[in-house]
Amino acid sequence: MSTATGNFESRAALALKDASLQKALGNFKPLFVAKRASAVAELTDFEALRERAAQIKNAVLGELDIWLERYAEAVEAAGGKVHFAFDAEEAREIILRICREAGAKTICKGKSMVSEEIALNPALEAAGYEVVETDLGEYIIQLAQEPPSHIIAPAIHKTREQVADLFEAHHPGRPREDSVAGLVNEARHVLREKFFKADVGITGGNFLIAETGSSVIVTNEGNGDLSQTLARVHIVTSGIERVLPTLDDLSVFLRILARSATGQDTECYTTISTGPCRAGDPDGPQEYHVVLVDNGRSKMLGGKFRDMLRCIRCGACMNHCPVYSAVGGHAYGWVYPGPMGAILTPLFNGMAEHYDLPNACTLNGRCQSVCPVKIPLAELIRTLRSEQVKAGLMPARQRTLMAAWGWVARQPGLYHALERFGSRLLRARAGKAGRIASMPGAAAWTGIRDLPAPSGATFLEQWQQQRGGEQ
Amino acid sequence: MSREQVLVSIRFALANAGICPPGLPAARPTQAIADPLARFIERATLHACSHERLASLAEVPARALAWLATRGEPGALSVAAPLVGLNWPADLRVDTGAASEATVAAVSLAFAGIAESGTLVMHSGPESPITHNFVPEFHVIVLHLEDLLPDQEAVWTKLRATGAMPRALNLIAGPSRTGDVEQTIQIGAHGPRAVHLLLVG
Ligand code: SF4
């Protein structure tokens, strides 16, 4: 299910050398962080809302079966159909069947991470459907035939010139546009025609409301709404963990989602959909389907990673991650990048195959300090590492070194002697500059920056000296 | 059947985990907004809506057409059914059905406004096509100020009182936009390029 070859380390190394990616990431870093900070600061009770959001999610997850059944009943009462999919393959089959029964030719899609997760587009295309991603970012990467590199800004790795090149190549007969306004306008014109042509509209579901049987999408472009309103059949794809009890619970999440994601106080469009069109309605879909995807989630519910099921896919964790902002999303090798991806990808796709994802984390903890549903991301990453060690996945060389260090650390005399020796050796190597410019065995570090040298005396020596002075 | 398979798997996991649900916490206390109208206008303006205040509904056609004239020729106009009886010029084609590819502008009536977020609440129904909110280039939204509510929670209460959830409920905060090319915010993505509010009362 991976979308890339090699491992994180090799992909990250390539990403660091990719000049246009680095240019795109350079634009990215400061914007999201600053905008989130000011959007959050304007709410006096943001912390209380985070706490409450986490509580609501915990309560629902603790009785998820009950809430899902209530939700499904409400959807059916409103004339919609609910389909449960145990895994990705079944989800694809259900959606293919709905499209087949609808006699569809063209399918318009709003942004949906679950559809990326279940690799829906290749399956629909293989079955002969014309599939059009209509979120501008998703449309760009669909043209480029790439996976998303960010969960809310899928084409964040593309520069304006690259988008212009793609549009020029894929929109024959149109003059090349180079400005952002020109490119957005071009996409508007090209996609307009598709919206009106589409037989089926597929969207995600940010939230599902048990009280009313509604699905909720939150967008800025209006593409999700055009996809789901103009098509004859609307299919919502959503993870089973997305259900909320009431509309009032929804309000808690709407106050924190946009602020955490894009730093807006609210997204442009929040749409709450309940069933197919009613008698007398001049527009709206004739059929309304919800595909609830498990794909490993119910298993997560019973284990150490249940907290991860609170995730509302806002992207704040990756926006604040130093590793993500250095290498971008594709290095993570699947559809979920950044801190949440470093946890989800090994859980979904195998701890051995994605061994280095949790190990590439610096555990600085910024992600969990901004996560709107208080997921202890750094702790979960640490737990994942220990699970990997328990499963015998740590490479032999590293295991031997750790075992040796562990043994030495249990012999205080030897440990301090080695520490004193090492500290003085490094000090001597640094000379007057106080910095080490090259170091055998540490070329990866000293190749691009100096290694600061220790002061000479060890921590313990300094401690004893100072305590001695005090007495 | 997968429904059973998923539910059984969830029940198995929950029994294994042995974590008791803490029960749902109480609702968020409503944050008092000193001047709801001022707050609404401040937020709506932030979201790039323009607005003007009207004494009565009768002024809607003239004001809507004057604003649309600054945006170019509207051609056929889509109008919400409850507003179609107003004094629109006799030679203007006014359409109340679903919007089509030819629709350039629409004039709609909001179900409510939300002061906290400067949001307009639109609902679907025989007299309010949802396509009017997304298909046109230019969107005029009429809001009766008595329908301006402090927050979303008040909208849910009003909805529950009507007895049924409409098929679609759109919370709209300004014209459509995208930041997908180099994170530059560009107004006018797939939905309306401009939204003008007529606040009545
Ligand atoms: S883990 Fe938290 S911060 Fe990251 S995407 Fe999920 S909800 Fe947002």
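For the structure itself, consult the block above.
Keep in mind it's a predicted model, so treat the numbers as computed, not measured. Residues take numbers from 1 onward in each chain, read along the sequence in its written order. For naming, the first written chain is A and the first written ligand is 1, with later ones following in the order written. Given that the model is predicted, a residue must reach a pLDDT of at least 70 before its local features are reported, and side-chain atom pairs must reach 80 or more before they are shown or counted; all residues, however, enter totals for whole chains, interfaces and linings. Calculation of side-chain values draws on the structure's entire complement of heavy atoms; hydrogens and water are dropped beforehand.

Enquirer: Would you mind going over the overall build of chain A in detail, with residue names and values included?
Expert: In this text, helices come from DSSP runs of H or I with a minimum length of four residues, and strands from runs of E with a minimum of two, each type numbered from the N-terminal end. When helices and strands are tallied, chain A shows 23 helices and twelve strands. When the backbone C-alpha atoms are referred to their principal axes, chain A occupies close to 90 × 55 × 45 Å. Only protein chains enter the accessibility calculation, which uses a 1.4 Å probe. A residue is then buried if its area is under 20% of the maximum for its type, exposed if over 50%, and partly exposed in between. Taking all 471 residues of chain A together, 57% fall into the buried category. Should any heavy atoms of two residues lie within 4.5 Å, those residues are counted as being in contact. In chain A, the proportion of contacts linking residues at least 24 apart, taken out of those at least 6 apart, comes to 72%. A residue counts as positive if it is Lys or Arg and as negative if it is Asp or Glu; His and the chain ends are not included. All charge positions are set by atom: Lys at NZ, Arg at CZ, Asp at CG, Glu at CD. Averaged over its 52 positive side-chain charges, chain A has a centre that lies 9 Å from the centre of its 53 negative ones.

Enquirer: Quick rundown of unusual backbone geometry? Include the residues and the values.
Expert: The backbone of Leu-363 of chain A sits at a positive phi, close to 55 degrees, despite the residue not being glycine. Mapped onto the secondary structure, Leu-363 of chain A falls in the loop between α17 (356-359) and α18 (366-370). On the accessibility criterion, Leu-363 of chain A (25% relative accessible area) is partly exposed. Phi at Glu-182 of chain B is positive, roughly 50 degrees, even though this residue is not glycine.

Enquirer: I'd like to hear about the sheet that holds strand β1 (residues 81-85) of chain A, residue by residue, with values.
Expert: Hydrogen bonds between backbone groups are what pair the strands of a sheet, and the pairing can be parallel or antiparallel. Residues and elements named next belong to chain A. For two strands to pair, DSSP has to find at least two bridges joining them. Pairing within the open sheet is parallel, and its six strands lie in the order β1-β10-β7-β4-β2-β3. Looking along the sheet, the strands with just one partner apiece sit at the ends: β1 and β3 (130-133). Neighbour-to-neighbour, the strand axes of this sheet turn through a mean angle of 20 degrees, independent of strand direction. Of the strand pairs in this sheet, strand β7 (residues 233-239) and strand β10 (residues 287-293) are connected by seven bridges, and their pairing is parallel. Within the sheet, the bridge partner assigned to Val-233 lies in β10 and is Glu-287. Every axis corresponds to a line fitted to the C-alpha atoms, with the helix fit spanning only the stretch in contact, and the corresponding angles, defined between N-to-C directions, vary from 0 to 180 degrees.

Enquirer: I'd love a proper account of the interface of chain B and chain A, names of residues and values included.
Expert: Opposite the 72 residues of chain B that make contact, chain A presents 103 residues. A buried area of about 7,100 Å², summed over both sides, lies between chain B and chain A, and 55% of it is on carbon and sulfur atoms. The buried area of a pairing is the accessible area, by a 1.4 Å probe, that goes missing from both parts when the two are put together, added over both. Of all residues in chain B, the largest losses of buried area upon contact with chain A belong to Arg-167, Gln-183 and His-190 of chain B, amounting jointly to 14% of the total for that side. A carboxyl oxygen of Asp or Glu within 4 Å of a side-chain nitrogen of Lys or Arg is what we treat as a salt bridge. Remark: the boundary between chain B and chain A carries eleven salt bridges. Taking the shortest distance from any N to any O, the salt bridge between Arg-160 of chain B and Asp-248 of chain A comes out at 2.8 Å. Any N or O atom pair separated by 3.5 Å or less is treated as a polar contact, with the protein-specific requirement of one donor-capable and one acceptor-capable atom, and with residues adjacent in sequence counted only for side-chain atom pairs. Where chain B meets chain A, there are 37 residue pairs in polar contact (both at pLDDT 80 or more).

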